[in-house]
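What follows is each chain in one-letter form.
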Amino acid sequence: MRAIVDDLRYALRGLAKNPGFAVVAVISLALGIGANTTIFTLVNGILLRPMPVSGPSRLVSLKIVDSATPGEWGCSYPNYKDYRDRNTVFSSLLAYSPLRVNMTGRSEPQPLIAQIVSGNYFETLGVTPVIGRGFLPQEDGAPGAHQVAVISHSLWTREYGGDPHLEGRTILLDNRLYRIVGVAPEGFQGVNSLYAADAWLPMAMYPVFSSIAQLTTQRRYLGFFVIGRLKTGVTDAAAQSAMDALSLDLEREYPRDNDGRRVRLVNLSQDAIAGRTRGAIVNAGTVLMIVSGLVLLIACANVANLLIVKAAGRNREIAIRLAMGAGRWALIRQLLVESLLLAIAGCAIGLAMARWSRDALWTLRPPVFKYAGFRLDLDGRVLFYTVAICFATAILFGLLPALRATAVNLATDLKDRAGNAASARAQGSARSILVIFQVALSMIALIGAGLFIRSLFNADTFDPGFDAAHLGVVSFDLSGRYDQNSGTEYIRRSMELAAGVPGVTAVSIAKDQPFEVASARTVLLSGDTAGAKGRITLTSVVWPGFFQTVGTPLRQGRDFTHFDGKAEPHVAIVNEAAAAHFWPGENAVGKTLNFFGDSLPAQVIGVARNANYQAVMEAPQAMIYLCGHQYYFPYGALFIRTKGDPDGALSEVRRGMRALDRNLLLTAKPVHAMIRESLWSQRLSADLLAVFGMLALVLAMVGMYGVISYSVQQRTREIGVRLALGATPADVRAMVLGQGVKLVTLGVITGTAAALVVTRMVASMLFVSPRDALTFVLVPAVLLLVGLAACWVPSLRATRIDPSVALRDE
């Protein structure tokens, strides 16, 4: 212990004698550690934080897979009840369905995320309300009979001031009063991380909010999420086997509804963020963790170079101490203690930087996180990660210089000249390797940034299948306030109002906003009443004039008209992908579609061009449009096309629609803004990669400058001799620049080869080839130019060496 204390004192004295070295080293490490801590804080808060429920490892989601349709789906409510009552592996199963509601009764309606849940929801999750209770069994019975609600802790504090006597008060949701019976504990906002729930309502209220009340009785409808708690001692494999057997039983009992459908069990932590969003977040997090790691490695190489330079002045001191009996490992320990002090200081500053940058990044969070319940705390996991980085970096950048400094030759290093020359050559070689390493890592980071920036430029010019220019959307939700007749009248009046706004050239209504089509139905071809060929297909409901308004051309047939009313035969328009799937090589116009659960078939009257329905630049997928006069939905989006920028017209339309109903929540947005928001993962990655890439470049160039400067210093006598023998300043400058160009070129070649491999990992996130020629030409050229600039000052200093001074004996 005494030896460690002595090492600490010695290290502190050494750093105090070289404050410039200490400041540069600490700042380099702080930048690397701060970048890594910031990104890990994001990854931890979004993907790694355990859910605030009891025993989360025993909770699994039940996903339905259909042999006729790719992907994973929710569950039907009748099947859920059978799974709940007939399984042998779960202690309990819950069901829920998310919905958006408006908290009204105030000057402005406030949007909330609510969940319709089964009565055992809180019990299954092991969540106990901090005030009041959860739901009673009888409140999950007769439709609409029990208007009760449990609200979140955040809503309780935000809207009710944390009133401890809240139980029994009411909340107005979609103009309907609910009696508050409980408040969820702090931190719990449901099991969907992207949509933090503000309120929970009993399943008996589902018919009140759904335009199709009978969905709770249809086995074919896959609109409910199911979560189960495994019994003690039941393994995942055993549970999956038991649910496979139960799925087969239900298929035999209800072949028309459950043909080809099975249950897949997924750990709840993996399902908290599901679908494309989870993939985008995981990909973005992986890329950012890799690049921030590269920045840290570059910072470590920088500090290692600084330590090698510092050790160069201590060669004779170390040789003397070894000659007097000091052990090599004792000296290495002493040098590592100095490295550890630098790492601790960098860690402290890095944590402060991470706290600031975390808050700054969270203000730029994408719209998909608008309702998320993430908390980006610097918790124990983040602190452990940062401390681990601190010790790892101390060893990483400190060990090589320590080994190099103590690898002395007593026969030469005790001499004043020969030892210094031999040691300088060895240290120069190590420093050169570190600089090549830095440049290579910078090359990877900069190419990654370049690819994402190029990708965004391509994304801004992509064709989504409709004309996004001068197109705007006003979304609305009439649920709980209007019946079908009054809702249809509100939609009609809104369209008339929008059409009369100056600058508006076309108006129509659709059930779904751009890139948010979520509804799907089982489609059966004519004569396929058994459902053997049924396929779950995306569907949307649009009003006449929709295709003209959004700019999606019809390839065949005609558009919907106002003559396609309820009393007329049902009609549909399919896109090119649906036509090719259902009737390959045939004319789809005139064909007949049967939707499971509908008594009337729909005749195809047109074929529309493929478009993007759920994500930007998605693969083509089948889509069916139904006529708004024949299928009513209480929520939707008013599309308007304008002569110029749609912002002004959108504001005017929103004001007019608000005048029709002041308690209705309306959201207006240009479609080009929606496209920009849909690229959030690519844009965030591009922005952060650009920052990290520039940081890596600066650190690498500082390392380059240091190596060349030190080389010039060590070669002072040689340069003096060259100048004395007739070499010109241009010759000396070319010699120094040549050394720098050699190092940069080797680093660029190594980094390019590595980047060709690494960039394949992010190919799915790019709208450009991961081997984009422009990026792989431009980035190395810029890196070479910056490297030359870093070497220019040392080369100028070399030309100013006075031969008479350099040739004097030191």
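A quick note: this is a predicted structure, and the numbers were derived from the prediction, not measured.

*Asks:* For the overall build of the chain, give the residues involved together with the corresponding values.
*Replies:* Helix and strand counts for the chain come out as 25 helices and 22 strands. Evaluated residue by residue, the chain yields a buried proportion of 53% over its 810 residues. Contacts in the chain between residues far apart in sequence, at least 24 positions, make up 81% of those at least 6 positions apart. Accessible surface for the chain amounts to roughly 34,400 Å². Of this, 59% is attributable to carbon and sulfur atoms.

*Asks:* Tell me about the side chain of Ser92, and name the residues and values.
*Replies:* Relative to the elements of secondary structure, Ser92 occurs in strand β3 (residues 90-103). Looking at Ser92, its side chain comes within polar contact range of the side chain of Thr124, at 3.0 Å. Ignoring anything within four residues of it in the chain, the contact list for Ser92 reads Asn120, Thr124, Ile227, Gly228 and Arg229.

*Asks:* Could you give an account of a nonpolar patch on the surface, with specific residues and numbers?
*Replies:* Taken together, the side chains of Val741, Leu785 and Leu788 define a hydrophobic patch exposed on the protein surface, amounting to about 240 Å² of accessible area. Along the polypeptide, Leu785 turns up in helix α24 (residues 773-799). Its relative accessible area of 59% is what places Leu785 among the exposed residues.

*Asks:* Describe the nonpolar core, with residues and values.
*Replies:* Phe560, Tyr625 and Met704 are the most contacted members of the largest nonpolar core, which totals 93 residues. Contacts of Tyr625, omitting those with residues within four sequence positions, involve Ser540, Val542, Phe546, Phe547, Phe560, Ala572, Ile573, Ala608 and Tyr613. Counting residues in hydrophobic clusters, the runner-up holds 47 residues, among them Leu62, Ala149, Val183 and Met203.

*Asks:* Go over the confidence of the model for the chain with me, naming the residues and quoting the values.
*Replies:* Here the chain shows a mean pLDDT of 82. Residues at 70 or above account for 86%. Low confidence marks residues 416-422, where pLDDT is under 50. Its contacts with residues over four positions away, or in another chain, come to nine contacts.

*Asks:* Which residues make up helix α19 (residues 647-660), and what values go with them?
*Replies:* In a regular helix each residue adds 1.5 Å, so 14 residues correspond to 20 Å; α19 covers 20 Å between its end C-alpha atoms and thus fits that length. Those residues of α19 that fall on the buried side of the exposure criterion are Ala649, Leu650, Val653, Gly656, Met657 and Arg658. Against β12 (471-477), α16 (484-499), β13 (504-510), β21 (635-642) and β22 (667-670) lie the buried residues of α19.

*Asks:* Account for unusual backbone geometry, with residues named and values stated.
*Replies:* Positive phi outside glycine occurs at His470, with the angle close to 60 degrees. Among the structural elements, His470 can be located in the loop between α15 (418-460) and β12. Residue class for His470 comes out partly exposed when judged on its relative accessible area of 35%.

*Asks:* An account of the packing of aromatic side chains is needed here, citing residue identities and associated values.
*Replies:* Applying the stated criterion across every chain yields a total of 22 aromatic pairs. Aromatic pair Tyr96 and Phe225: ring centres 5.3 Å apart, planes at 25 degrees, arrangement stacked. Of this pair, Tyr96 sits in strand β3 while Phe225 sits in strand β10 (residues 225-230), and the two are 129 residues apart along the sequence. Its relative accessible area of 6% is what places Tyr96 among the buried residues. The exposure class assigned to Phe225 is partly exposed, which follows from its relative accessible area of 31%. An aromatic cluster of at least three residues, connected via ring pairs, comprises Tyr96, Tyr121, Phe122, Phe135, Phe188, Trp200 and Phe225. Over the aromatic face of Tyr254 sits the side chain of Arg219, whose NZ or CZ is 3.6 Å from the ring centroid.

*Asks:* Account for the pairing of strand β20 (residues 623-627), with residues named and values stated.
*Replies:* In the case of a regular strand, side chains alternate between the two sheet surfaces. Burial of β20 is extensive: five of the five residues sit out of reach of the surface. A two-sided burial pattern is seen for β20, the buried positions comprising Met623, Tyr625 and Cys627 on one face and Ile624 and Leu626 on the other. Examined bridge by bridge, strand β15 (residues 535-542) and β20 share five bridges and lie parallel to one another. Directly across from Thr539, in β20, lies its bridge partner Ile624. Across three bridges, the pairing between strand β17 (residues 570-575) and β20 is antiparallel. In the sheet register, Ala572 faces β20, and the bridge partner there is Leu626.

*Asks:* Describe the packing of helix α3 (residues 77-86) against helix α7 (residues 236-253), listing the residues and the values that go with them.
*Replies:* Two packed helices can be described by the angle between their axes and the distance between those axes. Between α3 and α7, whose axes approach to 11 Å, the crossing angle comes to 130 degrees. Judged by the angle between their axes, α3 and α7 are oblique. The interaxial crossing formed by α3 with α7 has right-handed handedness. Contacts between α3 and α7 involve Asn79, Asp82, Tyr83 and Arg86 on the former and, on the latter, Met243, Leu246, Ser247, Asp249, Leu250 and Glu253. Residues of the contact of α3 with α7, tallied by class, amount to four nonpolar, two polar and four charged.

*Asks:* So what about the side chain of Ser339? Which residues, and what values?
*Replies:* In this fold, Ser339 is placed in helix α12 (residues 328-362). Contacts of Ser339, omitting those with residues within four sequence positions, involve Leu307, Ala394, Phe397 and Gly398.

*Asks:* So what's going on with the environment of Ala773? Residues and values would help.
*Replies:* Looking at where Ala773 falls in the secondary structure, it is placed in helix α24. We classify Ala773 as exposed; its relative accessible area is 53%. A sequence separation of 322 residues divides Ala773 from Leu451, and the C-alpha atoms of the two residues are 10.0 Å apart.

*Asks:* Would you mind going over the environment of Gly34 in detail, with residue names and values included?
*Replies:* You can see Gly34 is positioned in helix α2 (residues 19-48). Each C-alpha atom, one on Gly34 and one on Ile349, is 7.5 Å from the other, the two residues being 315 residues apart in sequence. Look past the residues within four positions of Gly34 in its chain and what remains in contact with it is Gly350 and Ala354.

*Asks:* Can you lay out the pattern of salt bridges for me, pointing to particular residues and giving the numbers?
*Replies:* For the coordinates displayed, the defined rule picks out 21 salt bridges. Arg264 is the salt-bridge partner of Glu72, the closest N and O atoms lying 2.9 Å from each other. One end of the pair, Glu72, is in strand β2 (residues 69-73); the other, Arg264, is in strand β11 (residues 261-267), and 192 residues separate them in sequence. Look at Glu72 and you get partly exposed, because its relative accessible area is 38%. Connected through salt bridges with shared partners, the residues Arg158, Glu159 and Asp198 form a single ionic network.

*Asks:* So what's going on with the pairing of β13? Residues and values would help.
*Replies:* Most of β13 sits out of view: six of its seven residues are buried. Where β13 and β21 come together, six bridges link them in antiparallel fashion. Across the sheet, residue Ser508 finds its bridge partner in β21, namely Phe639.

About the thresholds
Residues numbered from 1 in each chain as written. Predicted model: local features only at pLDDT ≥ 70, side-chain atom pairs only at ≥ 80, totals over all residues. Heavy atoms only, no water. Helix = DSSP H or I, 4+ residues; strand = E, 2+ residues; numbered from the N terminus. Buried < 20%, exposed > 50% of the residue type's maximum accessible area, 1.4 Å probe, protein only. Contact = heavy atoms within 4.5 Å. Areas by Shrake-Rupley, 256 points an atom, 1.4 Å probe, with all protein chains shown as cover. Polar contact = N/O pair within 3.5 Å; in protein donor to acceptor, adjacent residues only side chain to side chain. Patch = residues over 30% accessible without salt bridge, like charges linked within 9 Å, V, L, I, M, F, W, Y side chains within 5 Å. Salt bridge = Lys/Arg side-chain N within 4 Å of Asp/Glu carboxyl O. Core = buried A, V, L, I, M, F, W, Y, C linked by side-chain atoms within 4.5 Å. pLDDT = per-residue confidence, 0-100. Expected span 1.5 Å × (residues − 1). Phe/Tyr/Trp six-rings, centres within 6.5 Å; stacked < 30°, edge-to-face > 60°. Lys NZ or Arg CZ within 6 Å of the ring centre and 35° of its normal. Pairing = 2+ DSSP bridges. Axes fitted to C-alpha atoms, helices over the stretch in contact; angles between N-to-C directions. Parallel < 35°, antiparallel > 145°, perpendicular 65-115°, else oblique. Left-handed = near helix turned anticlockwise from the far one by under 90°. Nonpolar A, V, L, I, M, F, W, Y, C, P; charged D, E, K, R; others polar.

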